[in-house]
Amino acid sequence: MTAPPRRSASRTPAASRGTTTVAARAVRRVAQRAATETPLPGGVRADGGSAAVRGANVRVGITVALPYPGGLDASALAVQHHVTARTAELTGLAVPPVSVRVRALDRPERGPEEPGGPQGAPPVTLAEPGPHPAGRRARRPWSPRRLPVALGALAVASGCAVLLYDVVAVHAAGRAPAAWRVRLVAWLSAHGPDGGTVTGIAAAGTILLGLWMVVLALTPGRRASLPMTPPDAYTRADLPRGAVAVLVRDSVAALPGVARVRVRVGRRRVRVRAELAFGDRRSAVEAVTRAAEDALAGCGLARPPRLRVRLRPGPGGGGAPE
């Protein structure tokens, strides 16, 4: 009796011999390295990232520091396109548009022979953002509500833990029940569900809890972020108020004769307060207003806030404040 011929392993196609799995950690490192390779004047610094691999698909998020000055929306869009294409090319996975978070702005060092940037850096033209999609409004991003959920879970878990400890101590160790539990049981036995006190307390608590849940459901939260004009239908961007304040403050502080600039950015209004060390007050107010407006226009905000400028004379300025 002859044994059946054995199938040679070389006849099996290479694609059927095993499965190649790309770890999420490797994808994250590839995305961070791709972010640093984005051709932007001054370079891009990657401060962190995340990746979630699901079969042949992967979702990637990166945190970067962009060069300053520069158009934030155009720079972030360039980073997103480069990282998406480069990560898909190197990993072979399907990569949807990468989520880009700008954490900081870096001022590039200028070379001695090139006033515009580092020596030897090739000029790069950033792609202009596309037209605003018709019928779509830029909205503030919704908060995941981690703090309310964490506080609610902590309160419920603490109450259950205390009650469980007292019950286990009574039945396992033979200890006397806690005084608060004895009083609670006695009060509940004397006040049934049909009592006015119990009904009033339960109704008031239910109403307050319901109103709080409605507020959380109808408000987006994240009040510290301002929505930016999306360059396309697949991108959403927001800018922290602190970053807007820094940009406006640096633009105003660069003007001659202006000192001690303070900027406060709200959801609908930007207040600029500065001191005039020397020069004409009327011309200085116009220059400060123009510089602040240019800085706000460069942020690419979907709803530019109203600007309010107050310029008061410094120790050597003299005159009344504008």
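Calculation criteria
- Residues numbered from 1 in each chain as written.
- Predicted model: local features only at pLDDT ≥ 70, side-chain atom pairs only at ≥ 80, totals over all residues.
- Heavy atoms only, no water.
- Patch = residues over 30% accessible without salt bridge, like charges linked within 9 Å, V, L, I, M, F, W, Y side chains within 5 Å.
- Areas by Shrake-Rupley, 256 points an atom, 1.4 Å probe, with all protein chains shown as cover.
- Salt bridge = Lys/Arg side-chain N within 4 Å of Asp/Glu carboxyl O.
- Lys, Arg positive; Asp, Glu negative; His and termini not counted.
- Charge placed at Lys NZ, Arg CZ, Asp CG, Glu CD.
- Helix = DSSP H or I, 4+ residues; strand = E, 2+ residues; numbered from the N terminus.
- Buried < 20%, exposed > 50% of the residue type's maximum accessible area, 1.4 Å probe, protein only.
- Expected span 1.5 Å × (residues − 1).
- Arc of directions from axis to C-beta.
- Pairing = 2+ DSSP bridges.
- Axes fitted to C-alpha atoms, helices over the stretch in contact; angles between N-to-C directions.
- Contact = heavy atoms within 4.5 Å.
- pLDDT = per-residue confidence, 0-100.
- Parallel < 35°, antiparallel > 145°, perpendicular 65-115°, else oblique.
- Left-handed = near helix turned anticlockwise from the far one by under 90°.
- Nonpolar A, V, L, I, M, F, W, Y, C, P; charged D, E, K, R; others polar.

What follows deals with a positive patch on the surface. Positive charge collects at one region of the surface, where Arg262, Arg264, Arg271, Arg273, Arg308 and Arg310 lie side by side. Of all elements in the fold, only strand 6 (258-265), strand 7 (269-276) and strand 8 (306-313) reach the threshold of two or more residues within the positive patch. By relative accessible area, which is 62% here, Arg264 ends up exposed.

On to helix 6 (residues 241-253), then. Under the 1.5 Å per step criterion, the end-to-end length of helix 6 is 18 Å for 13 residues, consistent within 8% with the ideal 18 Å. Buried within helix 6 are the following residues: Arg241, Val244, Ala245, Leu247, Val248 and Val252. Buried residues in helix 6, looked at end-on, bunch into an arc of 165°, giving them a common side.

What follows is about the sheet that holds strand 7. Read from one edge of the open sheet, three strands run 6-7-8, paired in mixed fashion. The strands lining the two open edges of the sheet, one partner per strand, are strand 6 and strand 8. Ignoring which end each strand starts from, the neighbouring axes of this sheet average 15° apart. Pairing of strand 7 with strand 8, which is carried by eight bridges, proceeds in the parallel orientation. From the neighbouring strand, Arg271 faces strand 8, where its bridge partner is Arg308. Packing against the sheet, helix 6 makes contact with strand 6 and strand 7, and its axis sits at approximately 160° to strand 6. Strand contacts of helix 7 (residues 281-298): strand 6, strand 7 and strand 8, with the helix running at about 145° to strand 8, the strand carrying the most contacts.

Let us look at the environment of Ala178. As for its position among the elements, Ala178 is in the loop between helix 3 (146-173) and helix 4 (179-190). For Ala178, a relative accessible area of 19% puts it in the buried group. Sequence separation between Ala178 and Val167 is eleven residues; the distance between their C-alpha atoms is 9.1 Å.

This prediction gives the protein chain a mean pLDDT of 77; 77% of its residues lie at or above 70. This model gives residues 110-135 a pLDDT under 50, and the stretch forms 30 contacts once residues within four places in sequence are excluded.

Here helix 1 (residues 24-36) crosses helix 2 (residues 72-91) at 135°, and the two axes come no closer than 9 Å. With respect to helix 2, the axis of helix 1 lies oblique. With respect to the hand of their crossing, helix 1 and helix 2 are arranged in right-handed fashion. Together, Val27, Val30, Ala31, Ala34 and Ala35 of helix 1 and Val79, His82, Val83, Arg86, Thr87, Leu90 and Thr91 of helix 2 make up the contact between the two elements. In terms of residue class, the contact of helix 1 with helix 2 is built from eight nonpolar, three polar and one charged.

Turning our attention to the pairing of strand 2 (residues 57-67). Counting buried residues in strand 2 gives nine out of eleven residues, a clear majority hidden from the surface. Linking strand 1 (residues 45-54) to strand 2, which pair antiparallel, is a turn of two residues; within it Gly55 sits at a positive phi near 70°. Pairing between strand 2 and strand 3 (residues 99-106): seven bridges, direction parallel. By the bridge assignment, Val64 is partnered in strand 3 with Val102.

Our focus in this paragraph is the pattern of salt bridges. Taken as a whole, this structure holds eight salt bridges when the rule is applied. With a shortest N-O distance of 3.7 Å, Glu37 and Arg33 are connected by a salt bridge. Residue Arg33 is classed as exposed on the basis of its relative accessible area of 58%. Two residues, Asp250 and Arg249, come together in a salt bridge whose shortest N-O distance is 3.8 Å. Overall, Asp250 belongs to the partly exposed group, its relative accessible area being 28%. By sharing partners, the salt bridges in this structure join Arg33, Glu37, Arg86 and Glu89 into a single network.

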